[in-house]
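Architecture at a glance
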Amino acid sequence: MVRLLARFVRCESPTGDKVSVDQMARIVAREWRRRGAKVEVLRQKLRGDHVRAELWLGPGRPSGQILILGHIDTVYPLGTLAKMPLRVSRGCAWGPGTFDMKGGLAIALAAVDALKEVGLRPRKRLVFFWNSDEEIDSGTSRQFIEREAMRSDAVLVLEPAYGAEGRLKTARKGVGTAEIKVFGRAAHAGLNPEAGVNAVHELALQTARLMKLNDPHRGITVQVTVTSGGTVSNVVPDFANAQVDLRISRQADAARLERKLRGLRPILKGARIEVTGGINRPPLERTPGVVDLFRRAQGLAAEMGLTLDECFAGGGSDGNFTAALGIPTLDGLGVVGDGAHSPREYVLIRSLPERAALLAGLLVAL
Ligand SMILES: [Zn+2]
């Protein structure tokens, strides 16, 4: 499994670099073809290609479909591997994308190998979907994921597990971004400042107002994260803008929050505001269907002598899309490790076979 992981990690695949991600897609597609899957490479113009691998191991006809999701892209720009090469030491494998989530890709292949080796057959058709653009917004893959989810009885997401004990993710926040543009009027900061309308001042006032939309109790967070404005130090700025990170725990709060954003009115006389964007990933809510999937995974883990817990994650994944369609979705089934999106990214090697076995068990049990 480490060799397989190494092959994936050594192919750098930043979301924005189509040539690299396409290469990664070819490597992944080849592994699935070798295992007898019906593989389709979904060609994309702008982003990297997606890979869909369908596998039916049984005789007769499948009694349904299970969708297994993961992504082949990473957040690391080309050349990162030279600075943080793949390294195996002290029971860990370090390197870009090991944890998020090339380890998950290796787990899926190993789970299928294991099923074949011991002759266990899932009752359902398995569809593995590996998209190329999860780390940006899944803009070109969302439609495929949703279409496939609608045909599935359950969705298993191989995003990394949470914490050293490898918790599964049974709830995730919905995520979005808004942009606020503030228009003022330029003037000389010394000669006639009163003739100007300071857009940076207006943005500061709006920022204070936006921070009041936070409601930790309801799981709503609003953070102004990137701002800019002004031109030179002696000019009253006529423009400022901000990006705002939005998160919600309940879909019911999306429209309310977006309405509040659209309803922002200028505070300074003569200023004008434009607000765009909103929630683009719905929350993964902990429905009874999700809890049922989790309990089954927990039972299988117990048979393996492992304790398995659940958690609530602040970040989103493609599981958010499938859960929002009402398809029971279990996330965080990937590897155990830490340091996603950082120079300290690693996986615990002993978790690789454990998680592969857990996934194989689920594929047979569902
Ligand atoms: Zn990920």
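Scope of this entry: the structure provided in the associated data block. From a predicted model like this one, the values you see are computed outputs, not experimental measurements.

Conventions used here
Residues numbered from 1 in each chain as written. Predicted model: local features only at pLDDT ≥ 70, side-chain atom pairs only at ≥ 80, totals over all residues. Heavy atoms only, no water. Salt bridge = Lys/Arg side-chain N within 4 Å of Asp/Glu carboxyl O. Helix = DSSP H or I, 4+ residues; strand = E, 2+ residues; numbered from the N terminus. Buried < 20%, exposed > 50% of the residue type's maximum accessible area, 1.4 Å probe, protein only. 1 Å grid on protein atoms, 1.4 Å probe; cavity = no way out; pocket = protein on both sides within 12 Å on 5 of 7 lines; lining within 4 Å. Points joined across faces, edges and corners; volume = space filled by probe spheres on them. Nonpolar A, V, L, I, M, F, W, Y, C, P; charged D, E, K, R; others polar. Expected span 1.5 Å × (residues − 1). Arc of directions from axis to C-beta. Contact = heavy atoms within 4.5 Å. Polar contact = N/O pair within 3.5 Å; in protein donor to acceptor, adjacent residues only side chain to side chain. Pairing = 2+ DSSP bridges. Axes fitted to C-alpha atoms, helices over the stretch in contact; angles between N-to-C directions. Phe/Tyr/Trp six-rings, centres within 6.5 Å; stacked < 30°, edge-to-face > 60°. Lys NZ or Arg CZ within 6 Å of the ring centre and 35° of its normal. Disulfide = S-S within 2.5 Å.

**With respect to the pattern of salt bridges**
All chains considered together, the criterion is met by 22 salt bridges. We note a salt bridge from lysine 18 to aspartate 49, for which the minimum N-O separation is 3.0 Å. Highlighted residues: lysine 18 in helix α2 (residues 18-34) and aspartate 49 in the loop between β1 (38-42) and β2 (50-55), separated in sequence by 31 residues. Overall, lysine 18 belongs to the partly exposed group, its relative accessible area being 23%. For aspartate 49, a relative accessible area of 5% puts it in the buried group.

**Description of the layout of surface pockets**
Gaps left between atoms are located by rolling a probe of water-molecule size over the structure's atoms. Taken as a whole, the largest pocket encloses approximately 790 Å³ of empty space. Lining the largest pocket we find 40 residues, and of these Asp100, Arg172, Gly315, Gly316 and His341 sit closest to its centre. Split by residue class, the lining of the largest pocket holds 15 nonpolar, 13 polar and 12 charged. The calculated volume of the second largest pocket comes to roughly 200 Å³. It is helix α10 (residues 351-365) that contributes the most residues to the lining of the second largest pocket, 4 residues altogether. Its residues placed into classes, the lining of the second largest pocket shows 7 nonpolar, 3 polar and 4 charged.

**Digging into the environment of glycine 16**
One can find glycine 16 in the loop between α1 (2-9) and α2. A sequence separation of 61 residues divides glycine 16 from proline 77, and the C-alpha atoms of the two residues are 8.4 Å apart.

**Thoughts on helix α6 (residues 199-211)**
Between the first and last C-alpha of α6 there are 18 Å, a value that for 13 residues agrees with the 18 Å anticipated at 1.5 Å per step. The complete set of buried residues in α6 reads Ala199, Glu202, Leu203, Gln206 and Leu210. One side of α6 carries all its buried residues, which in axial view fall inside an arc of 95 degrees. Where the residues of α6 are buried, they touch β9 (174-183), β11 (221-229), β13 (239-248), α7 (252-262) and β14 (272-281). Residue asparagine 198 occupies the N-cap position of α6, its side-chain oxygen lying 2.9 Å from the main-chain nitrogen of valine 200.

**Focus: the sheet that holds β9**
Here we have 4 strands laid out as an open sheet, ordered β11-β13-β9-β14, and antiparallel in their pairing. Whereas interior strands pair on both sides, the edge strands pair on one side only; in this sheet they are β11 and β14. Going from strand to strand, the sheet's axes swing by 15 degrees on average, the running direction of each strand aside. The sheet contacts of α6 involve β9, β11, β13 and β14, and relative to β11 the element is tilted by about 170 degrees.

**Some thoughts on unusual backbone geometry**
Methionine 101 follows aspartate 100 through a cis peptide bond whose omega is -10 degrees. Considering the arrangement of structural elements, one finds methionine 101 in helix α4 (residues 98-118). The backbone of serine 138 shows a phi angle near 55 degrees, a positive value even though the residue is not glycine. With respect to the helices and strands, the residue serine 138 is situated in the loop between β6 (125-131) and α5 (142-150). Under the relative-accessibility criterion, serine 138 is labelled buried at 0%. The residue histidine 341 is not glycine, and still its phi comes out positive at about 60 degrees. Here histidine 341 falls in the partly exposed class, since its relative accessible area comes to 43%.

**Observations concerning the packing of aromatic side chains**
All chains considered together, the criterion is met by 6 aromatic pairs. Judged by centre distance (5.4 Å) and plane angle (55 degrees), the rings of phenylalanine 183 and phenylalanine 239 are tilted. Pair noted here: phenylalanine 183 is in strand β9 and phenylalanine 239 is in strand β13, with a separation of 56 residues, a long-range link. Given the relative accessible area of 30%, phenylalanine 239 is considered partly exposed. Taken together, the aromatic side chains of Trp32, Phe128 and Trp130 make up a single cluster linked through ring pairs. It is arginine 272 that lies over the ring of phenylalanine 183; its NZ or CZ is 4.3 Å from the centre.

**Description of the environment of glycine 196**
In this fold, glycine 196 is placed in the loop between β10 (187-188) and α6. Looking at glycine 196, the relative accessible area reads 17%, which means it is buried. With 119 residues separating them in the primary sequence, glycine 196 and glycine 315 have C-alpha atoms 41 Å apart. The residues touching glycine 196, leaving out its near neighbours within four places in the chain, are Arg185, Ala186, Ala187 and Val236.

**Structural notes on α10**
End to end, α10 covers 21 Å across 15 residues, agreeing with the expected 21 Å (1.5 Å per residue, within 8%). Along α10, the residues classified as buried are Ser351, Leu352, Arg355, Ala356, Leu358, Leu359, Ala360, Leu362 and Leu363.

**Thoughts on the state of the cysteines**
Evaluation of the coordinates by the stated rule reveals 0 disulfides. We note that cysteine 92 lacks a disulfide partner, and the nearest cysteine sulfur, in cysteine 311, lies 20 Å from it. You can call cysteine 92 buried: its relative accessible area is 11%.

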